[in-house]
Amino acid sequence: MPKPYDATVKDLAAQEPAGFVACFDGPTDRCVTLLNVDLSTVTTAADVVFGIGEPLAEILHLDAQAGPSATKHLDVLAYNALLHRQYRVPVRSIVLLLREQAVHPNMTGRVEYATRPERGRMDFGFEVIRLWEIPAEQLLRSSLATAPLAVLGKLPEALSLEEALATVVRQLAQRLERDAAGGQADRLMTAAYILTGLRLKAPDQVRQLFQGVPIAMRESVTFQAILEEGREEGREEGREEGRVEELHRVILRQGRVRFGEADEATRSEIEAIRDIETLEELSERLVMVSSWAELLA
């Protein structure tokens, strides 16, 4: 099921493509446009694809991830190759991990494999950016389009999570009041509200945090609609979390019957997987493998 975080990142990128590229790829004096890509031959869909240069000289493919995926590195490889085939220019891929829970052992920044010696090999590299390692203050000073991402940036260690986030939200509101025109401030603050849901689990905590934003933003139709959507998203997240926990129990219980009790490392590796599709695949593979190691290979 598509997450609101995907649409939020895409919307931010659409508002100021050059600012987004400058934040995560570095400043450029060339034209930057958002490409409307339709690669209907594959089911994989990139989050954002930027065209750089006029005429087009290179492409930046940015894929934002809120949760772990065992196959995302393969999706990135496939999309990179298809973009290069369609546009015939160099393509650089970046996976933007929005939170620490999105980390997966396969997300190394490389896809490497070979068959037999001298029979060809694959060696593909991409960049992995961990958003929580970028100081929130740095993001607040970046372009207006990327400033809302500050709620997912590195926060001061001296403050509690809630205190630090409240400071970031207050500073973001001040900047938007000063620099954003018309309804743009409302739209960007709404994006920050949605993204904060990745950091604070309880929807009530998020709503309370944003009570300090300017009244004009709080009372806008858009902001009120997103508050209600946030309540529904919180309920949906709870249902998905329950499904994840259920799959953990099923895999560990059925695996115990087939292979014996899982050791602590195996249990931790399974419980670290939060992607429902991956867990369902593991539960199906249980009947085809003969050990915990083979299941997780």
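Scroll up to find the structure.
As a convention, each chain's residues are numbered from 1 in the sequence order in which they are written. Per-residue local features of the predicted model are confined to residues with pLDDT of at least 70, and side-chain atom pairs are confined, for both listing and counting, to 80 or more; whole-chain, interface and lining totals are unaffected and use all residues. To get the side-chain values, all heavy atoms of the structure are used, and hydrogens and water are removed first.

Draft legend 1. Broad picture of the overall build of the chain. When its secondary structure is counted, the chain shows 12 helices and seven strands. Here the chain holds 297 residues, and the buried ones make up 46% of them. The contact criterion used is simple: two residues touch if any of their non-hydrogen atoms lie within 4.5 Å. Residue pairs at least 24 apart in sequence account for 64% of intrachain contacts in the chain once pairs closer than 6 positions are excluded. Per-residue and other accessible areas follow the Shrake-Rupley method at a 1.4 Å probe size, with only the shown protein chains counted as cover for residues. With an accessible surface of roughly 15600 Å², the chain has 49% of that area assigned to carbon and sulfur atoms. Runs of E in the DSSP output that reach at least two residues are strands. Runs of H or I that reach at least four are helices, and both are numbered from the N terminus. Partly exposed describes any residue whose relative accessible area lies between the buried limit of under 20% and the exposed limit of over 50%, with all areas from a 1.4 Å probe on protein chains only and scaled to the type maximum.

Draft legend 2. Quick look at the nonpolar core. To qualify as a nonpolar core, a set must consist of buried Ala, Val, Leu, Ile, Met, Phe, Trp, Tyr and Cys residues joined through side-chain atoms within 4.5 Å. Residues Phe20, Phe24, Phe50, Leu98, Leu131 and Phe210 are the most contacted members of the largest nonpolar core, which totals 54 residues. Among the elements that make up this core, the one with the highest residue count is helix α6 (residues 184–196) (eight residues). In terms of nonpolar packing, the next biggest core, distinct from the first, is built from 15 residues, Leu279, Leu282, Leu286 and Leu296 among them.

Draft legend 3. Inspection of the pattern of salt bridges at higher detail. By definition here, a salt bridge exists when the distance from a side-chain nitrogen of Lys or Arg to a carboxyl oxygen of Asp or Glu is within 4 Å. Here the structure, examined in full by the defined rule, presents 17 salt bridges. Put simply, Glu112 and Arg121 hold a salt bridge, and the shortest N to O gap is 3.8 Å. Residue classification places Glu112 among the partly exposed residues on the basis of a relative accessible area of 48%. Look at Arg121 and you get exposed, because its relative accessible area is 56%. Between Asp179 and Arg178 there is a salt bridge whose closest N-O contact spans 3.3 Å. By relative accessible area, which is 38% here, Asp179 ends up partly exposed.

Draft legend 4. Looking closely at the side chain of Asn80. With respect to the helices, strands and loops of the structure, Asn80 is situated in helix α3 (residues 72–87). We classify Asn80 as buried; its relative accessible area is 11%. Throughout this description, a polar contact denotes any pair of N or O atoms lying within 3.5 Å of each other; where both atoms belong to protein, one of them has to be capable of donating a hydrogen while the other can accept it, and for residues adjacent in sequence the pair is counted only when both atoms sit in side chains. Among the polar contacts listed, one links the side chain of Asn80 to the backbone oxygen of Val91, at a separation of 3.1 Å.

Draft legend 5. Region of the structure containing the environment of Glu58. Structurally, Glu58 can be placed in strand β3 (residues 58–65). With a relative accessible area of 24%, Glu58 lands in the partly exposed category. Counting along the chain gives 26 residues from Glu58 to Val32, while the straight-line C-alpha distance between them is 10.0 Å. Engagement of the side chain of Glu58 in a polar contact is seen with the side chain of Arg30, the distance being 2.4 Å.

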